[in-house]
Amino acid sequence: MRKTIPGSVRTKILLANRHACCVCHNIDVQIHHIDGDPSNNEEGNLAVLCVRHHDKATPPASLTAKLKPSEIRAYKRSWESLCSNDSIRLGRSRTAFFMVDYKNAERIRELFVQLTPAERLHAYTLLHAQFREEDKWRKQQGFDVSLEPNTSWNPVVQRFLEYVRLGDVHPQCFRGCEAHPRDPMYVRGFSEDGSANFAYYDLWCQIMVRAILVARGSYDISDLMRLKDLSQLSLEGRLISFFGPLHGKVAYPNEYVEKPLSSTTLTVKERGQTWKTNLDLKTHYVYSVTATGSLSRGHGCGLLLMRGITHLRTRGKTRVVEFSCTPIIIGSGGGGPLEIPHETKVN
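What comes next is a walk through the structure. As the structure is a prediction and not an experimental result, all values here were calculated from the model.

1. Observations concerning the overall build of the chain
Helix and strand counts for the chain come out as nine helices and 11 strands. The C-alpha radius of gyration computed for the chain amounts to 22 Å, which stays within 12% of the reference 20 Å derived for 347 residues, consistent with globular compactness. Along the first, second and third principal axes, the C-alpha set of the chain runs to 80 × 45 × 35 Å. Partitioning the intrachain contacts of the chain with sequence separation of at least 6 by distance along the chain shows that 69% fall at a separation of at least 24.

2. Describing empty space enclosed by the protein
Considering all chains together, one arrives at one cavity of 30 Å³ or more under this definition. There is about 60 Å³ of room inside the largest cavity. Residue lining of the largest cavity: Phe98, Met99, Val100, Glu148, Pro149, Ala199, Asp202, Leu203, Gln206 and Tyr287, and that is the complete set. Elements with a contribution of two residues or more to the lining of the largest cavity: β3 (99-103) and α7 (198-216). By residue number, the principal contributor to the lining of the largest cavity is α7, which donates four residues. Considering only residue class, the lining of the largest cavity consists of seven nonpolar, one polar and two charged.

3. Re the pattern of salt bridges
Under the definition given, this model contains 18 salt bridges. Arginine 175 serves as the salt-bridge partner of aspartate 168, at 3.2 Å between the closest nitrogen and oxygen. Between arginine 313 and glutamate 322 there is a salt bridge, with the nearest N and O atoms lying 2.8 Å from each other. A relative accessible area of 29% places arginine 313 in the partly exposed class. Residues joined in a network through salt bridges with shared partners are Arg18, Asp86, Arg89 and Asp223.

4. Some details on the packing of aromatic side chains
Within a pair of aromatic rings, the relevant descriptors are the distance that separates the centres and the angle that separates the planes. Under the counting rule described, the total for this entry stands at 12 aromatic pairs. Their ring planes at 65° and their centres at 5.7 Å tell us that phenylalanine 160 and tryptophan 204 sit as a pair that is edge-to-face. With phenylalanine 160 in helix α6 (residues 155-166) and tryptophan 204 in helix α7, this pair connects stretches of sequence that are 44 residues apart. Accessibility assignment for this pair places phenylalanine 160 and tryptophan 204 in one class, buried.

5. Side note on α6
The terminal C-alpha atoms of α6, which comprises 12 residues, lie 17 Å apart, in line with the 16 Å expected from a rise of 1.5 Å per residue. Listed as buried for α6 are Val156, Val157, Phe160, Leu161, Tyr163 and Val164. Relative to the axis of α6, the buried residues are bounded by an arc of 150° and lie together on one face. Turned more than 90 degrees away from the buried face of α6 sit Pro155 and Leu166, all of them exposed. Sitting at the head of α6, asparagine 154 places a side-chain oxygen 3.0 Å from the backbone nitrogen of valine 156.

So, how was this worked out
Residues numbered from 1 in each chain as written. Predicted model: local features only at pLDDT ≥ 70, side-chain atom pairs only at ≥ 80, totals over all residues. Heavy atoms only, no water. Helix = DSSP H or I, 4+ residues; strand = E, 2+ residues; numbered from the N terminus. Rg over C-alpha atoms; globule rule 2.2 N^0.38 Å. Contact = heavy atoms within 4.5 Å. 1 Å grid on protein atoms, 1.4 Å probe; cavity = no way out; pocket = protein on both sides within 12 Å on 5 of 7 lines; lining within 4 Å. Points joined across faces, edges and corners; volume = space filled by probe spheres on them. Nonpolar A, V, L, I, M, F, W, Y, C, P; charged D, E, K, R; others polar. Salt bridge = Lys/Arg side-chain N within 4 Å of Asp/Glu carboxyl O. Buried < 20%, exposed > 50% of the residue type's maximum accessible area, 1.4 Å probe, protein only. Phe/Tyr/Trp six-rings, centres within 6.5 Å; stacked < 30°, edge-to-face > 60°. Expected span 1.5 Å × (residues − 1). Arc of directions from axis to C-beta. Polar contact = N/O pair within 3.5 Å; in protein donor to acceptor, adjacent residues only side chain to side chain.

Below, the structure written as structure tokens:
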């Protein structure tokens, strides 16, 4: 007996395949039950196929399918692996900025300490390779212009990667630094010997985010915009990478007492859609006066922690989606996110 595929499973499968046929990579797709049992809605039994390949995989009674289940499973494994790598590529692109404008240090620490030793070791190994690759691309694309510490390959970055491996959420080098009154672990001054400061703490937060990204993965907001049916969308707690314009009135960092919270609006327009969210920013986590300007009127990229869609409507031919989230880290650099080549392999 046929059972309706749960909306959450359908969404997960479509996102895992980036809304494209696992055989030919064309869009306008359907979901196919590989074993022919329409009641078996296990994720491993569901493949995303275009109409043509769905027909080849579903023969008339008593006839043999032109596209065998074993072939479909092989296509599914290969394509979903490529899609996963591409999602990681986009996540890297959105978090490889040279200037941190905002970071929710408290939430970043919470997510980092949840990583297992195996996840930290994997992140340590992978980030070693990624940062060396990105160092080359940063120079080629003009991302090596920041006066502040950044993730270009250097001894400080290498030392911080050791802290990732060890799981040290607040490394010893920061423990003598002046802390912010709103967060005793948030560095806002310099260490006595001058070896660590608030700019290096920004770098440490950025590296923790990259480790979290390696372990948890992310969906890019452009992939969410490909979904036709959002009624069953359940992405609470998922990391979402983004790039888009920001518009608001963000308080200066030294106004944290009288204005502890301010907001800016992220608006992303693609594919005849508009996705909007208000980003509530804790003033003491805004990096600088310059960052305030970028967050109030500029373009940003980074990671959000999704809470859910709050409003969905159609305005003319445009679908407008409003959603709520927690901003994790927002940065800027060059004319947009760092361009990570598609051919980069991620194991």
